[in-house]
Structures are given as C-alpha cells and as structure tokens.
Amino acid sequence: MTYKQRRSAAALLFLTPYALSFLAFIVTPIIVSIVLSVMHYDMTAPHSVKFVGSSNYKDAWKDEYFWQALKATFGYVILMVPGLIITALGMGLGMHGMAKGRNTVRALLFLPGMLNVAVTGILWQWFFNGEFGLFNFILKRLGMNPAPWLSDKAYAMPSIVLMSLWWTLGGTSIVILAALQQIPKQIFEAALLDGAKGPALLSRITLPLLRPVLLFVVVTNTIAGFQVFGQPFLLTRGGPELSTRGIVQYIYETAFNNYRLGYGAAMSWMLFAIIAVFALVQYSFLRRSTS
Amino acid sequence: MNNVLKRVNSGFMSLMALLFMSPIILMILTSFKPEAEVLNPSSAIPKHWTVANYQYLLGWSEEAPFGRWLLNSFFISTSVTLLVVVFSSMAAFSITRLRVPGGNFMLGVIVASMMVPGQLFLVPLYLMLSRLHWLDTPAALIVPATAGGFGVFMLSQFMRAIPEAIEEAALIDGCTPFGLYLNVTLPLCAPALATLGIFTFVGSWNDFLGPLVFMDSVRNYTLPVGIALYQSSYYTEYGLTLATSVLATTPLVIVFMAFQRQIVESMSSTGLKD
C-alpha cells in the first residue's frame with residue numbers, strides 16, 4: 001500500500017466513531033422528530049399511532065395553554081435579556097476600569113455560573129420562601145412587610161429573572177470585558193485629546209465599537225431565554241396559576257407526563273421556528289446598524 | 001479627580017464581587033448549622049457548628065442515596081468527557097489533517113446542527129432510547145452526548161493552525177497516520193483538548209433535563225436531579241438540602257479553581273470570533 005492509500009483508509013477509520021454517533025443521535029432524532037410531529041403518538045396506547053398531517057400544529061395554534069406558555073416565555077425573555085445586557089455592560093466597564101484585582105473580581109463574578117441549576121434553585125428557594133425564607137427574614141428584621149416572592153403572579157417572574165441574573169451575569173460580563181480589552185488605547189487617548197467627556201466617550205466610541213460583541217450576547221441570550229426551563233421549573237413549577245410555565249416546560253409535561261409525543265414534537269418545532277425568526281431579525285437589525 | 005473615580009470604581013466592583021459570592025458563602029456556612037438555627041438565623045456564622053447534615057447524607061439512605069448519585073454523576077461525566085475528547089479529536093484529525101473526502105462539507109453540516117436547540121431532541125431521543133432499552137441506564141446519558149458538534153468544530157479550528165512542515169517531518173521519519181495523531185497532533189492540541197474536556201465535564205455534570213427525562217429509578221439519578229427531587233419532597237429541611245448543594249458543587253469548584261485561567265480565557269474568546 002502506498003502512503004496515499006494508507007492515509008485515505010486511516011481517514012475513514014478516524015472519522016467513523018464520531019460519524020456514526022452523529023448519524024444516530026443528531027440526524028436520526030431530527031428526522032424522527034419531523035415524522036413524530038405529523039403523527040398522533042400516544043405512549044400509553046402505542047397501537048393508536050396514525051398519520052394526522054398538520055393537525056398537531058393546528059391544535060397548538062388553538063391551544064390556550066400553548067399561548068399561555070408562550071406568553072410566560074416572552075415575559076422571561078423581555079425582562080431577562082435587557083436586564084442581563086445592561087448589568088453585564090456595567091460590570092464589564094467597571095472591571096475594565098480597575099487598576100488592580102480585576103482578575104479576582106472576574107473569577108468571583110463568574111463562580112455562580114459554575115453552579116448547577118438545581119443547586120441554584122435550592123439556594124434561591126431558601127432565599128425566596130415566604131415563611132422561612134432569608135429575604136423575608138431580613139425584611140421583617142428591618143421592620144418591613146414580607147414579600148410574596150414566588151407566590152404572587154406579579155412577583156414570580158421577576159424573582160426568577162433575579163436568580164437567573166445572579167447565575168449568568170458573570171459569563172456575559174467576561175465576554176464584554178474581553179471585547180473592551182481589545183479596543184486599542186490610542187482611540188480613547190485621541191478622543192480625550194479632542195475634548196470628549198465621559199458620557200460622550202461611552203456613547204460615541206465605546207458602545208459603537210462593542211456592537212459586534214453586543215450582537216453576539218443579545219442573540220445567544222435570546223436563544224437561551226426562549227429555552228428557559230430549569231429556573232422556573234425548580235422555583236415555582238410554573239406557578240402561580242401557570243404564570244411562569246414556559247414553553248419548554250409545557251413540551252416536557254405534554255410529552256412525558258401526558259405521553260403525547262407527537263404533540264410535544266410539533267410544539268418543539270414551533271419553538272424552533274420562533275427562535276430562528278427572532279435570531280434572524282435581531283441579527284439583520286443589529287448588523288445593519290453596525291455598517 | 002480621575003484617581004478618586006478609579007478608587008470608587010474599584011471599591012464598588014469589589015463590593016459587587018462580594019455580593020455575588022455571598023449566596024455561596026451563606027450556603028456553605030448554613031449547611032453547618034442545626035435546623036433550628038437555619039430557620040431563625042441570628043448571624044451568618046453558625047453558633048453551634050454541626051456536621052450532622054453531612055453525616056446523614058453520606059449515610060446511605062434508601063430515599064436519598066446521595067453517595068450513589070455522586071458516583072453516578074462521576075461515572076457519567078467522566079465517560080462522556082473521555083468519549084467526546086477521543087471521538088471529536090479523531091474526527092477533527094481526519095477532516096483537517098488526513099483530508100477525508102467531503103470533510104469540509106461534513107464540518108458545515110456539523111456546525112449547522114449546532115443551531116438546532118437541544119430541547120428538540122428530547123422527544124425523539126426518548127423514543128429511540130426506549131426502543132434500545134437504554135432508558136434508566138447510564139448509556140442513555142453517555143452515548144448520545146458524544147454526538148455534539150462543538151468539539152469537532154473547535155478542534156478543527158485548532159488543528160488547521162498546525163504548520164504542515166511539522167507533519168511532513170514526522171512522515172519522513174516514518175510516522176504512520178496513527179502515530180501522527182497520537183504523537184504529534186494530540187500533544188500540540190493539549191490546551192484545546194483540556195478546554196474541551198473541562199467544558200464537556202461541567203456541561204455533563206450540570207445537565208438537568210436529560211437525566212430528569214431519561215432516568216426513572218431513584219438510585220439511577222444523577223446528583224442534580226437527585227437533589228432537586230429530594231428537595232421538593234423534604235423542602236423545609238434547608239440545612240440538609242444546602243449540605244447536598246455544597247457536596248454537589250464542591251467538585252465543580254475544584255475544577256474551576258484548578259483551571260480558572262483556562263475557563264475564563266476560553267469564555268472571553270467565544271464572543272470575539274464571529
């Protein structure tokens with residue numbers, strides 16, 4: 001065998017394990033999911049499987065729980081994404097301005113992000129608990145009224161967002177800080193020489209230069225926000241009155257508590273479509289305003 | 001003036017870092033308190049230190065086999081990490097260094113597949129795993145996890161940057177393709193392999209939805225799902241659940257301390273390349 005032949009044989013051999021796994025666990029599930037979404041598939045009655053065309057999709061369109069879940073998901077995204085970007089920008093700028101100890105602050109801000117969502121949920125459930133919770137204990141000590149952190153519709157989603165901010169702020173701040181550090185110092189020096197002051201420096205120089213990274217964090221966090229599951233599931237189980245039950249939790253319950261796999265698959269594709277549309281719109285919008 | 005501002009900023013940022021750390025510090029301190037003191041805290045630091053919570057947890061109880069969950073998590077995360085690093089590096093080596101026909105097209109497909117959200121795989125995977133009789137076994141969490149595209153993508157970027165001259169020199173010395181992979185390419189990729197390994201381990205350790213859906217019996221849970229479900233049935237015993245949280249977090253904090261630089265640096269670079 002020549003070296004060339006040996007190389008081609010080796011190339012195939014090296015690719016095979018991953019390629020098989022990719023075919024089995026990425027390609028096949030996508031195909032299965034498309035097929036399932038046009039089937040009536042009830043796990044409790046496996047013999048009742050039949051083709052139903054687009055009726056799962058039509059059902060979701062008419063399902064008030066689907067809309068409610070969508071509303072809860074939007075509620076999370078609308079609070080979380082701007083809240084996260086603004087606070088992370090503040091933290092990034094703050095860290096960038098530090099002469100000493102920047103790396104320590106960076107590591108400490110990021111540490112909560114290493115925690116598991118279950119641990120985060122347990123910890124914050126203790127903080128938020130109405131009777132035994134730490135927050136209400138502190139409020140009572142200060143002579144204030146305890147707050148219904150998780151049991152009131154108006155409070156529950158903001159409470160979930162507060163926990164999520166604590167959990168994910170560090171990672172996003174680090175990405176923004178890294179982008180800030182890439183901006184050449186000369187640009188600021190030139191602007192200062194021209195008499196630029198703090199706010200103008202921020203709005204005219206820093207923010208425009210940060211556009212690409214801001215685009216990246218807005219799009220990735222919106223995508224992640226639409227898929228939120230663990231935080232509301234652990235803190236409120238979707239309550240009170242389903243006001244915090246997001247779309248992924250509804251899919252989870254449809255498929256694995258009620259065993260309606262076809263309906264669950266169809267709703268997954270609808271969520272995928274919503275995410276794709278949002279990501280594309282944000283991308284083209286922010287892209288255009290960059291150039 | 002500028003100096004004063006700098007000091008104020010540094011002070012404020014240190015305060016923020018402390019504020020962000022305080023829930024974790026509180027969690028650790030409170031896990032050493034007796035239950036009465038947890039519910040009525042007169043100070044953050046325990047008055048009566050106790051390890052009773054930890055003793056109870058590490059004693060192998062039926063309803064909460066904590067040690068078993070810890071072993072499950074270790075076994076699953078370690079297996080996933082090893083397999084992902086081996087499979088991904090082999091595939092990336094085949095695509096970039098051995099130039100397998102159609103390799104670049106395949107890489108494109110792999111990257112495109114990364115855009116499909118994870119929750120979409122839940123229902124079809126459940127069905128497939130139930131056909132394979134893998135539900136409620138570690139295989140359900142290990143084998144499908146090797147298909148993720150991130151590792152192949154990242155390592156391909158890295159391996160492309162290796163100069164061909166190094167490879168040619170090895171070939172002149174009579175190196176086989178396998179020898180090239182093992183003795184030349186892998187050592188040169190060590191930092192990228194470490195980064196991939198850390199991210200894969202942390203991701204697998206923290207996976208919540210997967211084990212929640214695919215595992216059925218209490219003894220087969222991973223740690224996060226185990227403690228979350230345990231907590232929902234014994235939720236008022238905060239001292240106990242906080243102790244479980246501390247134990248579940250410790251391995252990750254050790255990983256973080258050991259590889260802090262690497263983790264933060266690779267986090268930093270994610271947003272810069274687009």
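Everything below is about the structure shown above.
Keep in mind the model is a prediction, meaning the values are calculated, not measured. (Residues numbered from 1 in each chain as written. Chains lettered and ligands numbered in written order. Predicted model: local features only at pLDDT ≥ 70, side-chain atom pairs only at ≥ 80, totals over all residues. Heavy atoms only, no water.)

Chemist: Tell me about the overall build of chain B, and please be specific about residues and values.
Modeler: Within chain B, the secondary structure is distributed over 14 helices and zero strands. The order of α-helices and β-strands along chain B, N terminus first, is α-α-α-α-α-α-α-α-α-α-α-α-α-α. Against the compact-globule benchmark of 19 Å for 274 residues, chain B has a radius of gyration of 23 Å, which places it well outside the compact range. Along the three orthogonal principal directions, the C-alpha set of chain B runs to about 70 × 70 × 35 Å. When burial is assessed residue by residue, chain B has 52% of its 274 residues classed as buried. Put simply, of all contacts in chain B between residues at least 6 apart along the chain, 72% involve residues at least 24 apart. (Helix = DSSP H or I, 4+ residues; strand = E, 2+ residues; numbered from the N terminus. Rg over C-alpha atoms; globule rule 2.2 N^0.38 Å. Buried < 20%, exposed > 50% of the residue type's maximum accessible area, 1.4 Å probe, protein only. Contact = heavy atoms within 4.5 Å.)

Chemist: Which residues make up the interface of chain A and chain B, and what values do they have?
Modeler: Counting residues at the interface gives 84 residues for chain A, matched by 91 residues for chain B. Summed over both partners, the interface of chain A with chain B comes to about 8100 Å²; 77% of that surface belongs to carbon and sulfur atoms. In this assembly, chain A and chain B are joined by zero salt bridges. Where chain A packs against chain B, one counts 11 residue pairs in polar contact (both at pLDDT 80 or more). Looking at which element gives the most residues to the side of chain A that touches chain B, the answer is helix α1 (residues 3-37) of chain A, with 22 residues. (Buried area = accessible area lost by both parts, 1.4 Å probe. Salt bridge = Lys/Arg side-chain N within 4 Å of Asp/Glu carboxyl O. Polar contact = N/O pair within 3.5 Å; in protein donor to acceptor, adjacent residues only side chain to side chain.)

Chemist: An account of a nonpolar patch on the surface is needed here, citing residue identities and associated values.
Modeler: All names here are of chain A. On the surface, a nonpolar cluster with roughly 300 Å² of combined accessible area is contributed by Ile 138, Leu 142 and Met 144. With respect to the helices, strands and loops of the structure, Ile 138 is situated in helix α6 (residues 134-141). Overall, Ile 138 belongs to the partly exposed group, its relative accessible area being 40%. (Patch = residues over 30% accessible without salt bridge, like charges linked within 9 Å, V, L, I, M, F, W, Y side chains within 5 Å. Areas by Shrake-Rupley, 256 points an atom, 1.4 Å probe, with all protein chains shown as cover.)

Chemist: Give a description of the packing of helix α3 (residues 64-96) of chain A against helix α1 (residues 2-30) of chain B that names residues and reports values.
Modeler: Where α3(A) contacts α1(B), the axes come no closer than 9 Å and their chain directions differ by 125°. The pairing of α3(A) with α1(B) is recorded here as oblique in orientation. In the crossing of α3(A) with α1(B), the sense of the turn from one axis to the other is left-handed. Of α1(B), the residues touching α3(A) (which contributes A:Met91, A:Gly94 and A:Met95) are B:Asn9, B:Phe12, B:Met13 and B:Met16. When grouped by side-chain class, the residues that make up the contact of α3(A) with α1(B) number five nonpolar, two polar and no charged. (Axes fitted to C-alpha atoms, helices over the stretch in contact; angles between N-to-C directions. Parallel < 35°, antiparallel > 145°, perpendicular 65-115°, else oblique. Left-handed = near helix turned anticlockwise from the far one by under 90°. Nonpolar A, V, L, I, M, F, W, Y, C, P; charged D, E, K, R; others polar.)

Chemist: So what's going on with the environment of A:Gly94? Residues and values would help.
Modeler: Position of A:Gly94 relative to the elements: it lies in helix α3. Along the primary structure A:Gly94 and A:Leu177 are separated by 83 residues, whereas in three dimensions their C-alpha atoms are 8.9 Å apart. With near-sequence residues (within four places) excluded, A:Gly94 lies in contact with B:Asn9 and B:Met13.

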